Amino acid sequence: MYKSQGNRTRTSIRSLQVIMVGLCLVVLGRVFYLQIVQYETYASLGEENSIRQEFVTPSRGLIYDRNGVLIVDNEPIFSITVTPTNFDREKIPLLADLLDMPDSLIRERVDEAQRYSWYRTSPLLTDVDFETFSRIQENIWQLPGIGQQTESKRHYPTEMSASHILGYLREADRDDYESSPEIRLGDKIGKSGLELIYDDTLRGKLGIEFHKVNAYGQSLELYDGERSGQNPTQGNNIITTIDSELQAFVEKLMKGKSGGVVVMNPKNGEILALVSSPEYDVNRLAGRLDRDYWVDINTDSTRPLYNRAISSRQPPGSTFKPLMGIIGLHLGLITPETIVHNSGGYRRGRLYRDIAPLGDYDLESAIAHSSNTYFYSLMDRVATQGDFDRWSKLVKDFGLGVPSDIDLPSANQGIIPDSAFMDRYFGKRRWGLGDLINLGIGQGVISVSPLQVAQMTSSIANGGYRITPHLVNSVQTSDGSVHFQPTSFEKIEWVKPEYLYIIKNGMRRAVQEGSGRGYVKNNLIDIAGKTGTAQNPHGYSHGWFTSFAPFDDPEIVVTVFIENAGWASSSAAPVAAMIMEKYLTGEVQRQWVYRHVMSWEPSEDNSRGTD
């Protein structure tokens, strides 16, 4: 019995040994098959699991002013990344604690990265300080799927702000990266200003790197095997038309005021300075978004994000009178010698008031002393002789009421009415002569931006040529070549030199003996200009001043618009005078005017002239 039982035990042991040997042979055979026979196939698959492709963000192109001064560059920042497929969501509380952020925000960002791609590394948090970056580094061993990158943010090394020119960058949202294969989640793209308009030019091309990673998906080192990466291509640089020193000076003059300023070369449309006040701090929108500040500037009643220089839509007031004179001459409704008597107003059904001195006016003196009566009478003739639609077309030839081609977003085309517009606005046969007469002095259903008034003034100053205002002169590619931006210079065929001779002399006299004599007239520069005080039912009138200099060979056009300013002669005009003095002489010599501008407060005081 015992012998039989011992035989069965030995048989079982031998069977087990055979099974074990068989299993070992199967395993060894499988290892041999995988490692030797199928080496090439499975080696490459294993490599796939240990090597990860990552994109390398290129350096964004730099921005220079017209004199080669660097006005926007890049500075390095630290960013934390996440690879969703390797990330353990149970680590969210730890990660949130290390980043000093709410769990909900971390979860939201991880979810967004996961929706974008399970396997691709995406930014989790940008522009973290070194202390936070170090905490993550110290705890990286317990944060699978979390990594870090060195990126860059915009830096502004000059004194100027130019926030409405330069604009800001923001992380691409879902609409952005779904609409373009060139954009990834977390990429910084232009959202306003030149950064938006020239985003494709400035962004550059992505690079590719291959990283060896561990079982937690964390990068160990760069892979130097057969696969070759691709270096990123830096974005192109842009050279603007802006004079950064002048821009900073204009911003200083407009501090505490609400309005817009455009400084332009009338010969080619180059914008030398463009200011909208109040501005916003573009530095606080670089890097990681300051959410509290973003909420503040979006809810601020002064609307600092609104570009008043190109988007504002206001009646031009008396700055429109020089163009009215040109059109009146062209239509044959007046001659330079046509006399209109001002007895205190123009009566046509009712009295349209005039604050110019009483007396007789020809065209030149009517511009010089801003006689409303003269231009009420002229608009009356336009309307009663059936030239209203023709008048509208001629106004638009000077860049008013039509889209602007300036290389900034949100430029307003304004309103220059014609009969079709009046029908839509008032209703058919529900408008008449009384609704048109005010158009002659730049009031009523007419609206323009400071940029458009600067365009109009440039066409007067340059001999009747239509120019395209622009802020970028050329683009410098990564290989060093420079490509100049195309510009246009087109003659307005119907404008004759004799028309402009009268108008320009009237604008010169407006500075010498009219509303500009108080602050603009000087012995340094021969300036021509025109004030405009536009009525405002909600407070003080808005102040306009548009001008060019030197008179004989204009190099600069300055248009200033100040909201709720009161009389333009003491609000907008002195600002323009200081800009011209600074640009054309290199310094401010009339300090008393400068002090007036810097201490100015709105008032309806008319002690220094009319509009």
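As shown above, the structure is provided for reference.
Residues numbered from 1 in each chain as written. Predicted model: local features only at pLDDT ≥ 70, side-chain atom pairs only at ≥ 80, totals over all residues. Heavy atoms only, no water.

Right, let's talk about the overall build of the chain for a bit. The helix and strand inventory of the chain stands at 22 helices and 23 strands. In the chain, which comprises 611 residues, the share counted as buried stands at 53%. Put simply, 72% of the contacts in the chain that link residues at least 6 apart link residues at least 24 apart. Of the roughly 28,200 Å² of accessible surface on the chain, a fraction of 48% belongs to carbon and sulfur atoms. (Helix = DSSP H or I, 4+ residues; strand = E, 2+ residues; numbered from the N terminus. Buried < 20%, exposed > 50% of the residue type's maximum accessible area, 1.4 Å probe, protein only. Contact = heavy atoms within 4.5 Å. Areas by Shrake-Rupley, 256 points an atom, 1.4 Å probe, with all protein chains shown as cover.)

Moving on, we get to the pairing of strand β15 (residues 350-353). Here is the key point about a regular strand: its side chains alternate between the two faces of the sheet. In this structure, strand β14 (residues 345-348) lies alongside β15, joined through 4 bridges in antiparallel fashion. Bridge pairing links Gly345 to Arg353 in β15. Here β14 hands over to β15 after 1 residue, with Gly349 in that stretch at a positive phi of 85°. (Pairing = 2+ DSSP bridges.)

This part is about the pattern of salt bridges. Within this structure, the stated rule accounts for 23 salt bridges. Across the pair Arg284 and Asp290 runs a salt bridge, and its minimum N-O distance is 3.0 Å. In this structure, Glu563 engages Arg308 in a salt bridge whose closest nitrogen and oxygen atoms are separated by 3.0 Å. In this pair, Glu563 sits in the loop between β23 (556-562) and α21 (572-585) while Arg308 sits in helix α12 (residues 308-311), placing the two residues 255 residues apart along the sequence. Each of the two residues, Glu563 as well as Arg308, counts as buried. Among the charged side chains, a salt-bridge network with shared partners connects Arg60, Arg154, Glu195, Asp199, Asp200 and Arg203. (Salt bridge = Lys/Arg side-chain N within 4 Å of Asp/Glu carboxyl O.)

Across the sheet, which stays open at both edges, the 5 strands sit in the order β12-β11-β23-β22-β21 with antiparallel pairing between neighbours. Each end of this open sheet is capped by a strand with a single partner; those strands are β12 (271-277) and β21 (528-534). The sheet shows a mean angle of 5° between the axes of neighbouring strands, taken without regard to direction. Summarising the sheet, strand β22 (residues 542-549) and β23 pair through 7 bridges and their orientation is antiparallel. Counted as the bridge partner of Phe545 is Val560 from β23. The strands that helix α20 (residues 497-512) touches are β21 and β22; relative to β21, the one it contacts most, it runs at about 75°. (Axes fitted to C-alpha atoms, helices over the stretch in contact; angles between N-to-C directions.)

In an α-helix, one turn spans 3.6 residues; hence positions three or four apart end up facing the same way. Here α21 is 14 residues long and its end C-alpha atoms lie 20 Å apart, about the 20 Å a rise of 1.5 Å per residue gives. Among the 14 residues of α21, 10 are classified as buried, and the element is accordingly described as predominantly covered. When we look at burial in α21, the residues that qualify are Ala572, Ala573, Pro574, Val575, Ala576, Ala577, Met578, Ile579, Met580 and Glu581. Note on α21: the residue one or two positions beyond its end, Gly586, has a positive phi of about 90°. (Expected span 1.5 Å × (residues − 1).)

Soluble globular proteins: nonpolar side chains tend toward being buried together. Counting residues in hydrophobic clusters, the biggest one holds 95 residues, and the most contacted among them are Ile271, Leu274, Leu363, Phe375, Trp391 and Phe398. For this core, the element with the highest residue contribution is helix α15 (residues 372-384), accounting for 7 residues. The residues touching Trp391, leaving out its near neighbours within four places in the chain, are Phe320, Met324, Ile327, Met379, Val382, Ile416, Pro417 and Leu439. Residues Ile556, Ile579, Met580 and Tyr594 belong to the second largest nonpolar core, which totals 35 residues. (Core = buried A, V, L, I, M, F, W, Y, C linked by side-chain atoms within 4.5 Å.)

Moving on, we get to unusual backbone geometry. Here the amide bond leading from Ser277 into Pro278 is cis, since omega sits at 5°, within 30 degrees of zero. Inspection of the secondary structure assignment puts Pro278 in the loop between β12 and α11 (291-299). Here the amide bond leading from Ala549 into Pro550 is cis, since omega sits at -15°, within 30 degrees of zero. Within the element layout of this structure, Pro550 appears in the loop between β22 and β23.

Turning next to the packing of aromatic side chains. Per the counting criterion, the structure on display carries 18 aromatic pairs. Between Tyr168 and Tyr280 the ring centres are 6.1 Å apart and the planes differ by 80°, which places this aromatic pair in the edge-to-face class. Taken together, the positions of Tyr168 in the loop between α6 (163-166) and β6 (169-171) and Tyr280 in the loop between β12 and α11 put the pair 112 residues apart, joining distant regions of the chain. Residue classification places Tyr280 among the buried residues on the basis of a relative accessible area of 5%. With a centroid separation of 5.6 Å and 20° between ring planes, the pair formed by Phe421 and Tyr425 is classed as stacked. Pair noted here: Phe421 and Tyr425 are both in helix α17 (residues 419-426), with a separation of 4 residues, about one helical turn. The buried category is assigned to Phe421, whose relative accessible area is 16%. Following the ring pairs from residue to residue traces out a cluster consisting of Phe320, Phe388, Trp391 and Trp431. The ring of Tyr306 carries Arg303 above its face, with NZ or CZ at 4.3 Å from the centroid. The ring of Tyr352 carries the charged tip of Arg350 above its face, separated from the ring centre by 3.8 Å. (Phe/Tyr/Trp six-rings, centres within 6.5 Å; stacked < 30°, edge-to-face > 60°. Lys NZ or Arg CZ within 6 Å of the ring centre and 35° of its normal.)

With respect to the helices and strands, the residue Ala248 is situated in helix α10 (residues 244-253). With 27 residues separating them in the primary sequence, Ala248 and Val275 have C-alpha atoms 9.2 Å apart. Beyond its immediate sequence surroundings of up to four residues, Ala248 is in contact with Glu159 and Met160.

A few words now on the packing of helix α3 (residues 92-99) against helix α4 (residues 103-116). Two elements in contact, α3 and α4, have axes whose closest approach is 9 Å; the angle formed by their N-to-C orientations is 110°. Our classification of the angle between α3 and α4 gives roughly perpendicular. Considering only the axes of α3 and α4, their crossing is right-handed. For the pair formed by α3 and α4, the contact residues are Ile92, Pro93, Leu95, Ala96 and Leu99 on the first element and Asp103, Ile106 and Arg107 on the second. (Parallel < 35°, antiparallel > 145°, perpendicular 65-115°, else oblique. Left-handed = near helix turned anticlockwise from the far one by under 90°.)

The next thing to look at is a nonpolar patch on the surface. Judged by side-chain polarity, Leu16, Ile19, Met20 and Leu23 come together as a nonpolar surface patch covering roughly 400 Å² of accessible area. Residue placement: Leu23 occurs in helix α1 (residues 2-37). (Patch = residues over 30% accessible without salt bridge, like charges linked within 9 Å, V, L, I, M, F, W, Y side chains within 5 Å.)

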